[in-house]
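Here are the chains, one letter per residue:
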Amino acid sequence: VPRGDQLFVADSCKTALTKRQEVLTESSIKTKNKQQLQVEWHYRVLPGTDNQAECILALGINLNERKQVHQQLRLFKKMVESSQEAIVVRRLDGKLIYYNQAYERLFKVSLPTAPNDFFLQCTEDTRRLFEQEITPQLQAGETWEGVIEVVDNDGQPFSVWQRVDAINDEQGNLLLSLALMH
């Protein structure tokens, strides 16, 4: 621990010992190869058999890695938002979870005016297609690709190419669908 943080870290350990509560702090450390890391520290007293402090458990979490993950997520969001492909994530019942700006342009909607149900933007034939073909393919772990008939916010029908993929949980159950459209 760098000299400037040593007193702070010692005070955190003392607080954990005297107050018998978990203490959360942040400080920097230097690794063996002299790299500086920001670390989030969790201090907790572990009592012994006579309820006296037996030891202090200190868990350090590398914040540099967390920051890198956040940067990657922000970059991914920028890529999705700037895509010319309409991207939508929806539940099996059609409820919209996410859509990007290209989707708003394609369907002439904005967040306050967009229907929460994708199937309200589909023709009757497209709703049947989802029920009879697209959803069963997704449940089988397959991708569906083709043209569907939809309506924009003004009620004007138009055709759109769509590729739909499944988003499954760890057991392979279909949770959501991810669609690209243009």
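Our subject is the structure listed above.
Residues numbered from 1 in each chain as written. Predicted model: local features only at pLDDT ≥ 70, side-chain atom pairs only at ≥ 80, totals over all residues. Heavy atoms only, no water.

Trainee: So what exactly am I meant to see when it comes to the environment of Thr-31 here?
Mentor: Take Thr-31: it is sitting in the loop between strand 1 (23-30) and strand 2 (36-47). Assessed through its relative accessible area of 24%, Thr-31 is described here as partly exposed. (Helix = DSSP H or I, 4+ residues; strand = E, 2+ residues; numbered from the N terminus. Buried < 20%, exposed > 50% of the residue type's maximum accessible area, 1.4 Å probe, protein only.)

Trainee: Any chance you could explain the side chain of Asp-169 here in plain terms?
Mentor: Inspection of the secondary structure puts Asp-169 in the loop between strand 7 (157-168) and strand 8 (174-181). In this structure Asp-169 is buried but unpaired, with Arg-91 as the nearest side chain of opposite charge at 14 Å. A polar side-chain atom of Asp-169 sits 2.8 Å from the main-chain amide nitrogen of Asn-173. (Lys, Arg positive; Asp, Glu negative; His and termini not counted. Salt bridge = Lys/Arg side-chain N within 4 Å of Asp/Glu carboxyl O. Polar contact = N/O pair within 3.5 Å; in protein donor to acceptor, adjacent residues only side chain to side chain.)

Trainee: Is there a simple way to explain the pattern of salt bridges in this structure?
Mentor: Two side chains that carry opposite charge are able to pair once their charged atoms sit near each other. Considering all chains together, one arrives at nine salt bridges under this definition. Salt-bridge contacts for Lys-95 lead to Asp-117; the nearest nitrogen and oxygen are separated by 3.9 Å. Pair noted here: Lys-95 is in the loop between strand 4 (86-91) and strand 5 (96-99) and Asp-117 is in the loop between helix 3 (101-107) and helix 4 (124-139), with a separation of 22 residues, a long-range link. On the basis of relative accessibility, which here comes to 28%, the residue Lys-95 falls in the partly exposed class. Note on Asp-117: relative accessible area 16%, which makes it buried. Measuring nitrogen to oxygen at the nearest pair gives 2.4 Å for the salt bridge that ties Asp-125 to Arg-128. On the criterion of helical spacing, the pair formed by Asp-125 and Arg-128 is a turn pair, its members being three residues apart in helix 4. In this structure Arg-128 comes out as partly exposed when scored by relative accessible area, which is 36%. In the salt-bridge network here, residues are joined through shared partners; they are Glu-124, Asp-125, Arg-127 and Arg-128.

Scope: geometric values only; no functional claims are made or implied.
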